[in-house]
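Residue-level structure breakdown
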Amino acid sequence: MENNTTNNFSNVSFNQWDVELYESKHSFVSNLAIDLLELLNPQIGEKILDLGCGTGHLTYKITTRGAKVIGIDNAPSMIEEAHRCYPDIKFVVGDGVKIELKETFDAVFSNAALHWIKEPKKVIHNIWRVLKPGGRFVTEFGGKGNIETIISGIYEALDAAGYSSNKQLNPWYFPTVGEYATLLESEGFLLTFARLLERPNKLEDGEYGLRNWIKMFASCFFEGIPEKKQNIIIDDIENRLRPNLYKKGKWIADYKRIRIMAFKEGKPNKYF
Ligand code: BEZ
């Protein structure tokens, strides 16, 4: 889970996540990925890198299949919690753009992290570099159209409040399957699976679900806005989105995910 933004709600900054909120209300992030683990199909004794591991729950699940896993995430608060929960697993603070590991891996796994990094070529190059020949890259993250209803609600409310320039703070990268496949193939990867999946996702906590989600994942849009005003804008976002995204007492986030499996074959393309 990578985030290079400033969170004004709780006055925490750069790469700091509200771990308590994440653990208590957003466990769906790792729960949704159970079938991604089946695609990864970890084998006993394999070395696997979990890129953007967050609080390490999926990292742990991979180790239960007998693989040796290192978890990497650029949020120190997440890594601290991962260490606390799973002291026997190696977790390091690191960045997909600059993976500073010397080791190589049989597989790189990444769930719900790569949409936080707007430099996909660098990430792909680093993944190539740390994979052994024949190694696999299995990932799922936000694809084209992901949370587009939520984003339009945020944009409209920012416009209405006179903070149009904050729309530029959008931190996400949501490519099409074609765009991402092209980047992978340019690096030398052979794709064996690529899909865009609709993943409507019920948010926890009933009426408060969208507010919590914004606080957890979209606080960057509120940089420089006084706290009182932020709450007014969030009320407005809720009002704008309620007709489409609030059903039977639950908020539903319009997730669309890219799911990919690709293998390191041939020679790397040296354009860095
Ligand atoms: C996602 O998992 O698709 C996602 C989560 C938070 C913000 C943006 C995307």
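Residues numbered from 1 in each chain as written. Predicted model: local features only at pLDDT ≥ 70, side-chain atom pairs only at ≥ 80, totals over all residues. Heavy atoms only, no water.

1. Brief notes about the packing of aromatic side chains
Using the criterion set out here, one finds 13 aromatic pairs in the structure. Ring centres of Tyr155 and Phe221 lie 6.2 Å apart, and the angle between their planes is 75°; on these two criteria the pair is classed as edge-to-face. With Tyr155 in helix 7 (residues 148-161) and Phe221 in the loop between helix 9 (209-217) and helix 10 (227-245), this residue pair connects regions lying 66 residues apart in the sequence. A relative accessible area of 25% places Tyr155 in the partly exposed class. Here Trp172 and Phe174 contribute two aromatic rings whose centre-to-centre distance is 5.9 Å and whose plane-to-plane angle is 20°, an arrangement assigned as stacked. In this pair, the class of Trp172 matches that of Phe174, namely buried. Ring pairing ties together the aromatic residues Trp116, Tyr155, Trp172, Phe174, Trp213, Phe217 and Phe221, which thus form one cluster. The ring of Phe105 has Lys47 sitting right over it, with the charged end atom 5.3 Å from the ring centre. Across from the ring centre of Tyr246, 5.1 Å away, lies the NZ or CZ of Arg242, which sits over that ring. (Phe/Tyr/Trp six-rings, centres within 6.5 Å; stacked < 30°, edge-to-face > 60°. Helix = DSSP H or I, 4+ residues; strand = E, 2+ residues; numbered from the N terminus. Buried < 20%, exposed > 50% of the residue type's maximum accessible area, 1.4 Å probe, protein only. Lys NZ or Arg CZ within 6 Å of the ring centre and 35° of its normal.)

2. A look at unusual backbone geometry
Unusually for a residue other than glycine, Ile147 sits at a positive phi of about 40°. Mapping Ile147 onto the fold places it in the loop between strand 5 (131-142) and helix 7. In this structure, Asp205 is a non-glycine residue whose phi angle is positive, near 80°. Checked against the element boundaries, Asp205 lands in the loop between strand 6 (189-202) and helix 9. Taking the relative accessible area as the measure of exposure, Asp205 reaches 33% and is therefore partly exposed.

3. A closer look at the confidence of the model for the chain
Mean pLDDT for the chain: 90, with 88% of residues reaching 70 or above. Throughout residues 2-14 the model reports pLDDT below 50, and contacts reaching past four residues in sequence, or to other chains, amount to 44 contacts. This stretch, residues 268-272, has a pLDDT under 50; its non-local contacts, to residues over four places away or in other chains, come to 12 contacts. (pLDDT = per-residue confidence, 0-100. Contact = heavy atoms within 4.5 Å.)

4. Observations concerning the nonpolar core
Membership of the largest hydrophobic core comes to 32 residues, with the highest contact counts inside it found for Ile150, Trp172, Trp213 and Ile237. For this core, the elements supplying multiple residues, two or more each, are helix 1 (19-25), helix 7, helix 9, helix 10 and strand 8 (250-264). Formed by 26 residues, the second largest nonpolar core is a distinct cluster that contains Ile70, Phe105, Val130 and Leu184. (Core = buried A, V, L, I, M, F, W, Y, C linked by side-chain atoms within 4.5 Å.)

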